[in-house]
Amino acid sequence: MLEHYIAVGQQAMRCGYTTGTCAAAAARAAAEALLTGTFPAQVTIETPAGVAVTVEPEDCTCSAGSASCAVRKDGGDDIDVTHGAKIFAAVTRIPAGIEIDGGDGVGRVTKAGLDQPVGAAAINTGPRRMIEKELTEALRGHGGGLRAVISVPDGAALAQKTFNPRLGIVGGISILGSTGIVRPMSRQALVDTTRAELSVRRSEGVADLLLTPGNYGDAFAREALGLDMTKAVQCSNYIGEALDDAVRLGFASVLLIGHLGKLTKLAAGITDTHSRTADGRREVFVTHAALAGADRAILRRLYEAPTTDAAAAILEEAGLRDPVLASIARAVGETLTRRAAPLRAGAILFSQAAGISVMTPGAAELLEKQRTMLDAAVRHGRP
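From a predicted model like this one, the values you see are computed outputs, not experimental measurements.

### Details of the sheet that holds strand 19 (residues 344-351)
Pairing between the strands of a sheet comes from backbone hydrogen bonds, and it takes one of two forms, parallel or antiparallel.
Move 1: Reading across from one edge, 17-16-18-19-20 is the order of the five strands in this open sheet, with mixed pairing throughout. Only two strands of the sheet have a single partner each, and these edge strands are strand 17 (233-234) and strand 20 (355-359).
Move 2: For strand 19 and strand 20, the ladder comprises four bridges, and the chain directions are antiparallel. Paired with S351 across the strands is G355, a residue of strand 20.

### Describing the pattern of salt bridges
Move 1: For the coordinates displayed, the defined rule picks out 32 salt bridges.
Move 2: For the salt bridge of R72 with E58, the shortest nitrogen-to-oxygen distance reads 2.9 Å. Here the residue R72 occupies a position in strand 7 (residues 66-72), and E58 occupies one in strand 6 (residues 58-62), the gap between them amounting to 14 residues.
Move 3: Judged by its relative accessible area of 36%, R72 falls in the partly exposed class.
Move 4: Judged by its relative accessible area of 23%, E58 falls in the partly exposed class.
Move 5: When the shortest N-O distance is used, the salt bridge between R166 and E197 registers 2.3 Å. On the criterion of sequence distance, the pair formed by R166 in helix 4 (residues 164-167) and E197 in helix 5 (residues 187-203) is long-range, its members being 31 residues apart.

### Some points on the nonpolar core
Move 1: Core analysis: the biggest nonpolar cluster contains 47 residues, and V91, I123, I131, L135, L146, I150 and I175 have the highest contact counts within it.
Move 2: For this core, the secondary structure elements donating two or more residues are helix 1 (19-36), strand 4 (43-46), strand 5 (52-55), strand 7, strand 8 (86-94), helix 2 (125-138), strand 12 (145-151) and helix 3 (155-159).
Move 3: Counting residues per element, this core draws most heavily on helix 1, at 12 residues.
Move 4: Leaving out residues up to four positions away in the same chain, I123 has contacts with I100, D101, G102, V106, Q116, R128, I131, I150 and I175.
Move 5: Ranked by size, the runner-up nonpolar core spans 43 residues in total, among them L198, L299, L315 and L336.

### A word on the environment of D77
Move 1: Mapped onto the elements, D77 comes out in the loop between strand 7 and strand 8.
Move 2: Taking relative accessible area as the criterion, D77 reaches 41% and is therefore assigned partly exposed.
Move 3: On a C-alpha basis, the gap between D77 and V182 in space is 8.8 Å, while along the polypeptide they are 105 residues apart.
Move 4: Filtering out sequence-adjacent residues up to four positions away, D77 remains in contact with M13, R14 and P184.
Move 5: At 2.7 Å, the side chain of D77 and the backbone nitrogen of R14 are in polar contact.

### Points about unusual backbone geometry
Move 1: Each neighbour pair has its own omega, and for A341 with P342 the value is 15°, a cis peptide bond.
Move 2: Structurally, the position occupied by P342 is in the loop between helix 12 (321-340) and strand 19.
Move 3: The residue D59 is not glycine, and still its phi comes out positive at about 50°.
Move 4: Within the element layout of this structure, D59 appears in strand 6.

Parameters and conventions
Residues numbered from 1 in each chain as written. Predicted model: local features only at pLDDT ≥ 70, side-chain atom pairs only at ≥ 80, totals over all residues. Heavy atoms only, no water. Pairing = 2+ DSSP bridges. Helix = DSSP H or I, 4+ residues; strand = E, 2+ residues; numbered from the N terminus. Salt bridge = Lys/Arg side-chain N within 4 Å of Asp/Glu carboxyl O. Buried < 20%, exposed > 50% of the residue type's maximum accessible area, 1.4 Å probe, protein only. Core = buried A, V, L, I, M, F, W, Y, C linked by side-chain atoms within 4.5 Å. Contact = heavy atoms within 4.5 Å. Polar contact = N/O pair within 3.5 Å; in protein donor to acceptor, adjacent residues only side chain to side chain.

Honestly, it's all geometry; don't read function into it.
Now the structure itself:
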């Protein structure tokens, strides 16, 4: 178990190590066994993050022509679906050089725009470098080269709980980790996943992006608006980073669809909508209600409202719902335009009680464009 801790808020949380670190450590142990005839009881590798990881190889087997062992994934305090999985490396001799491939339970790339080319094993660049480094060091004093095949026996089942099927990575999990260390925060993993999916969509020719924070927005867009969500991207709370990547990748427009309670925060310029980062919803409602002429009693009720649906109901009762939500929508639109320029950007804010609550200026046009594209796809037999 890795005993490396970082401060997260007011807690000391334990780091783990990535599937890439596991693969590199297993490859090093198997290479040493192949070259010397004996598996090391422990193997220590230096990760790109500068943190040394010491592990004990498991399920070790060795023959005249190959050696294989596993290293168990440790997610630290940021446990994901791969925590506890065994990452195997089977190493064989080759005439020269270093070769790395994926075996059972490691996914294959089927769509352009990802870290590896179409047809390659989903072993990202960072882990490939780590594996190559460990195999090269193991070869010192020995001739020839080494080939490592990384496998994960439970990988195909684990992959169904990840974004891999959506990204076009089939047959297993990805071997990931640019630093080799899992920091006990899921933010970067979510941002990286969104970035990868945006890259895939752009490489598929998608120019007009549909973006939702999560399942609520996805379901509303599909069921209430009748949109095709097969090419949509979910960005979790990290709307700002998703917009930045959409600009970088050259999308023409982005239509963001999300719940009133989440997207209201954008009116205050908050583009990381996680509750740990910022809230601001009641302040937004109070500010825009004041601009619309609400009296002090209404402002107090809005400030104390437990949800945005409750705040909307108060505004409805006071006859202020439409002007206040329109004012909020303009502010949301300004935030999107500022962050996403030169893209055309709009948002649809909805609630479970009222359906579409409000749209930012220009969002209706972007919505109609999405519907037109869907109609064209259906006419050409691509539902």
